[in-house]
Amino acid sequence: MRAAVMTLLRGRKARLTADRRFEAGQRLRDIAAGRLSACRAAKVSLHDVSVSFAPDRSAAVVSGLELTILPGEFVTFLGPSGCGKTTLLNVIGGMILPTTGKVRINDALVTAPTPMCNIVFQQHSLFEWMRVADNVAFGPRALGHPDPRGEAMRFLHLVGLEEHADAYPVTLSGGMRQRVAIARALATSPSVLLMDEPFGALDAQTRSIMQEELLKLRRSIAPTVIFVTHDVDEALLLSDRIFVMRAMPGGLKEEIAADGMFRHKEKVLRNGKYRALRQHILTQIREETLKVFNRPNRMQR
Amino acid sequence: MGVDLTLDGEVIDPAPFAPARGSCGHAARQWLRAFRPGRLALRLSALGFCVVLWQLASSLRVDLGIVSFRYVPAPTEVAIAAWNLLQSPKLIAHIVNSLSRVFSGFGAAALIGVCLGVLIGRLRWLEDSLLPPLEVLRPIPGVAWIPLAILMFPSSELSMIFITFIGALFPILLNTIHGVEAIDRRLIAASRSLGAGRWAVFAEVVLPGALPSVITGLTIGMGTSWFCLVTAEMIAGQYGIGYYTWESYTLQNYADIVVGMLFIGAFGMTSSALVKLFGHALMPWRRVQERRA
């Protein structure tokens, strides 16, 4: 009986995923035909989301999360290592199902990865066996775009890499690879862009350039962006809202409105409010890090 | 945009110092760089040194207590035996029979090993149900399969192909499983969120992602297939390089045994190199990666 119910549920889930892929493909074809504007940012809402990897559902990684992210917002999650930032991103992207609670993009319940919501990882996220243009054209081709190569070239132009369209990813530098990953994620015109420490593996100079590039891209394409980073300056520079996360179990400790007021790097360096906010966030993260560090059974593990 | 090259304050023309693209000298330098004659010379010298050591050990009948070269034929005797075999009308029959057995066994192992490996790597329930019996069968050597192979198959030819098949199957299967399981989950997640269906994920992400491991398995499998040839051709009645080696042993023609061994080694090495070349052709991105390493 249980097996039959599970089969039915799996069938329903597969149908839902197929329907969403069809909708995304239709949307992409409409964009290509000029019937629809390229960007349609979505609202993301999390209701009482908890995630536990233990079989008995104890030791939650994320617990009781309530959150609404508005369409077009740039939201950043900051927090100590192991506080569940990446898990949260995977839950929103449909790669992990929450143990309890629901995630919705607009009104659609997230039960599996969907083309409405694409993700950029820190590294190793390109298909090494495909040329750069094929990497970017992967999404449009999967969704039945009439000209996937043309679409890929358009996005490669946007990130300034059209000259490297026929190169293999292995020949590119770390910064260039991340630009390809961003172009690939944007090529299906997602409503939500998830970014898991996308510039974490880059050197300081490249990182700074990539942050500026991302801000420029946001001006032309404006999906809802959910960003994870360890870098407070990066969070203040890019975000509309910052969520500082608490650890063990992961949850929201504090919400900080940055409102994009720090987007002009050169102006904010000597700005007192910037420095105070930066110090405040660092103190919050330090508190959480110490909490993890000083757990009584830490040494026994 | 460019920076002037100066010598004692005078701007000089860099053209004569730049490599002349398209010239014979440039082509020769490129060829030499690719060929790496130094390394090749070292390898050939090492091979020559081993043959000289072998010649000395055999002709001086060296006896080290644990290992003795008293009855080991010298390279000169082996060369004479090889020359006799090369002139023998049976040589072609030996080679053709062995090649057909090895390639039939290897082909079947490649087909079954890769398909099964991909499925086991992707489906947990199949891994749980198939991997335990396969793990039990894996350590059984080819020679232990001979009685069962004779009982199971209607002809000795099929029994021999089965032995070479068994030799090749496990390296191919296990490498394929490892290749599929080692694919970064983030790549599969990314492809699914980009809108790829099950088939696209399988064909465009899983298969090419596992290909380097599959090719490694095929290369090792080709080697072990030749490795099992003598065992397989112990069943044979007339022809095959393995049969020739085994027959030489029973007739105590020691030089012929070594000739048979060298033939198997040479054919095994060549066919493994062919599989590697095939792999290189299938994976152009790896060539780029190797060039940059």
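Quick note: structure is the one above.
First, a word on scope: everything that follows refers to the structure included in this document. (Residues numbered from 1 in each chain as written. Chains lettered and ligands numbered in written order. Predicted model: local features only at pLDDT ≥ 70, side-chain atom pairs only at ≥ 80, totals over all residues. Heavy atoms only, no water.)

## Thoughts on the overall build of chain A
What counts, and what does not: For the purposes of this entry, the term helix denotes a DSSP run of H or I that reaches at least four residues, the term strand denotes a run of E that reaches at least two, and both are numbered from the N terminus. Buried residues are those whose accessible area, probed at 1.4 Å on protein chains only, stays under 20% of the maximum for their type, while exposed residues exceed 50% and partly exposed ones sit between those limits. By the convention used here, residues are in contact when the closest approach between their heavy atoms is within 4.5 Å. Areas reported here follow the Shrake-Rupley algorithm with a probe of radius 1.4 Å; residue values treat only the protein chains shown as occluding.
Counting its regular elements, chain A contains nine helices and ten strands. Each of the 301 residues in chain A was classed as buried or not, and the buried ones make up 50%. Sequence-distant contacts, at least 24 apart, represent 68% of the contacts inside chain A between residues at least 6 apart. Total accessible area on chain A stands at roughly 13,800 Å², and carbon and sulfur atoms take up 54% of it.

## Comments concerning the pairing of strand S3 (residues 74–78) of chain A
All names here are of chain A. Quick reminder of the rule: Strand pairing follows a simple DSSP-based rule, namely that at least 2 bridges must link the two strands.
Of all five residues making up S3, five are buried, and the element is well covered by its neighbours. Bridge analysis of S3 against strand S8 (residues 224–228) gives four bridges, and the strand direction is parallel. From the neighbouring strand, phenylalanine 74 faces S8, where its bridge partner is valine 225. With four bridges joining them, S3 and strand S9 (residues 241–246) adopt parallel strand pairing. Opposite phenylalanine 77, over in S9, you have phenylalanine 243 as the bridge partner.

## Section: the sheet that holds strand S7 (residues 192–196) of chain A
Residues and elements named next belong to chain A. Stated precisely, the cut-off is as follows: Helix axes use the C-alpha atoms of the stretch in contact, all axes being lines fitted to C-alpha atoms, and the angles between their N-to-C directions lie in the range 0 to 180 degrees.
Taken in spatial order, the six strands of this open sheet run S6-S7-S8-S3-S9-S10, and their pairing is mixed. What marks the edges here is a single partner per strand, and that holds for strand S6 (117–120) and strand S10 (251–257). Adjacent strand axes in the sheet meet at a mean angle of 20° when their direction is disregarded. In terms of strand pairing, S7 meets S8 through five bridges, oriented parallel. Looking at the pairing, valine 192 lines up with threonine 224 of S8.

## Looking at the sheet that holds strand S5 (residues 108–109) of chain A
All names here are of chain A. Reading across the sheet, the four strands line up as S2-S1-S4-S5 and stay open at both edges, with antiparallel pairing between neighbours. At either end of the open sheet lies a strand with only one pairing partner, and these are strand S2 (62–69) and S5. In the sheet, strand S1 (residues 44–51) pairs with S2 via five bridges, with the strands oriented antiparallel. Directly across from valine 44, in S2, lies its bridge partner isoleucine 69. Where helix H2 (residues 85–92) meets the sheet, its contacts fall on S1, S2 and strand S4 (100–105), and the angle it forms with S1 comes to roughly 125°.

## Some points on the nonpolar core
Short version of the rule: What makes a nonpolar core is a set of buried Ala, Val, Leu, Ile, Met, Phe, Trp, Tyr and Cys residues whose side-chain atoms join them at distances within 4.5 Å.
One finds Ile163, Leu218 and Val259 of chain B to be the most contacted residues of the largest nonpolar core, which totals 67 residues. Among the elements that line this core, the one with the most residues is helix H7 (residues 156–181) of chain B, at twelve residues. Each residue touching leucine 218 of chain B, except ones within four places of it in the same chain, is listed here: Phe106, Ala110, Ile172 and Val275 of chain B. Counting 36 residues, the second-largest nonpolar core is a separate cluster that includes Val120, Val136, Ala152 and Leu161 of chain A.

## A look at the environment of alanine 165 of chain A
Residue and element names in this part refer to chain A. Within the secondary structure, alanine 165 sits in the loop between helix H4 (148–158) and helix H5 (174–186). Given the relative accessible area of 3%, alanine 165 is considered buried. Residues alanine 165 and proline 115, spaced 50 residues apart in sequence, show a C-alpha to C-alpha distance of 23 Å. Discounting residues that sit within four places of it in the chain, alanine 165 has contacts with Arg131, Val132, Ala133, Arg149, Met153 and Leu156.

## Things to note about the pairing of S1 of chain A
All names here are of chain A. Burial analysis of S1 places six of its eight residues in the buried class, which makes it a mostly covered element. With five bridges connecting them, S1 and S4 associate as antiparallel partners. Its bridge partner being in S4, valine 44 is matched across the sheet by isoleucine 105.

## What to know about the interface of chain A and chain B
Condition: The quantity reported as buried area is the accessible area (1.4 Å probe) lost by two parts once they are put together, taken as the sum for both. A side-chain nitrogen of Lys or Arg and a carboxyl oxygen of Asp or Glu constitute a salt bridge if their distance falls within 4 Å. Each residue is assigned to one class: nonpolar for Ala, Val, Leu, Ile, Met, Phe, Trp, Tyr, Cys and Pro, charged for Asp, Glu, Lys and Arg, and polar for all the others, Gly among them.
Listed by partner, the interface residues are 29 residues for chain A and 21 residues for chain B. Between chain A and chain B, the buried area comes to about 2,200 Å², and carbon and sulfur atoms account for 69% of it. Connecting chain A to chain B are one salt bridge. Note that glutamate 204 of chain B is salt-bridged to arginine 141 of chain A, the shortest N-O span being 2.6 Å. Secondary structure elements with two or more residues in the side of chain A that touches chain B: S6, helix H3 (132–142) and H5 of chain A. Top element by residues in the side of chain A that touches chain B is H3 of chain A. It accounts for four residues. Among the residues forming the side of chain A that touches chain B, the class breakdown is 17 nonpolar, eight polar and four charged.

## As for the packing of aromatic side chains
Which entries qualify depends on this criterion: Only centres within 6.5 Å qualify two rings of Phe, Tyr or Trp (six-membered ring in Trp) as a pair; their planes then separate them into stacked at under 30 degrees, edge-to-face at over 60, and tilted for everything else.
Scanning the entire structure with this criterion turns up 13 aromatic pairs over all chains. Measuring from ring centre to ring centre gives 4.9 Å for phenylalanine 127 of chain A and phenylalanine 138 of chain A, while their planes differ by 50°; the resulting arrangement is tilted. Here phenylalanine 127 of chain A, found in the loop between S6 and H3, pairs with phenylalanine 138 of chain A, found in helix H3; they are eleven residues apart in sequence, far enough to count as distant. Relative accessible area serves as the criterion here: at 0%, phenylalanine 127 of chain A is assigned to the buried category. Ring centres of tryptophan 199 of chain B and phenylalanine 202 of chain B lie 5.6 Å apart, and the angle between their planes is 35°; this geometry places the pair in the tilted category. Remark: phenylalanine 202 of chain B and tryptophan 199 of chain B occur in helix H9 (residues 198–227); sequence separation between them is three residues, near one turn of the helix.

## Some remarks on the packing of helix H8 (residues 185–193) of chain B against H9 of chain B
Two measures define how a pair of helices packs: the angle their axes make with one another and the distance between the axes. Residues and elements named next belong to chain B. Under the convention used in this document: Handedness of a crossing is defined here by the sense of rotation of the near helix relative to the far one, left-handed for an anticlockwise turn of less than a right angle and right-handed for a clockwise turn.
At a minimum axis separation of 10 Å, H8 and H9 run at an interaxial angle of 145°. Viewed along their axes, H8 and H9 form a crossing whose handedness is right-handed. Together, Leu187, Ile188, Ser191 and Arg192 of H8 and Val201, Val205 and Val206 of H9 make up the contact between the two elements. For the contact of H8 with H9, a count of residues per class yields five nonpolar, one polar and one charged.

## A closer look at a positive patch on the surface
Where we set the bar: Candidates for patches are residues over 30% relative accessible area with no salt bridge; among them, like charges are joined within 9 Å and nonpolar side chains (Val, Leu, Ile, Met, Phe, Trp, Tyr) within 5 Å. In this tally, Lys and Arg are treated as positive and Asp and Glu as negative; His is ignored, and so are the chain termini. Each charge is placed at NZ for Lys, CZ for Arg, CG for Asp and CD for Glu.
Together, Arg122, Arg124, Arg185, Arg192 and Arg198 of chain B make up a region of like positive charge exposed at the surface. As for its placement among the helices and strands, arginine 192 of chain B is situated in helix H8.

## Here's the deal with the side chain of serine 248 of chain B
All names here are of chain B. The following threshold applies: Whenever a nitrogen or oxygen atom comes within 3.5 Å of another N or O atom, the pair is scored as a polar contact, on the condition that within protein one atom can donate a hydrogen and the other can accept it, and that pairs from neighbouring residues in sequence are kept only if both atoms are in side chains.
By the element assignment, serine 248 lies in helix H11 (residues 241–250). Of note is the side chain of serine 248, whose polar atom sits 2.6 Å from the backbone oxygen of tyrosine 244. Not counting residues up to four positions away in its chain, the partners in contact with serine 248 are Asn253, Asp256 and Ile257.

## Looking at a nonpolar patch on the surface
Residue and element names in this part refer to chain B. Taken together, the side chains of Phe49, Val52, Leu53, Leu56 and Leu60 define a hydrophobic patch exposed on the protein surface, amounting to about 520 Å² of accessible area. Turning to its location among the elements, phenylalanine 49 is positioned in helix H2 (residues 37–59). Residue phenylalanine 49 is classed as exposed on the basis of its relative accessible area of 55%.

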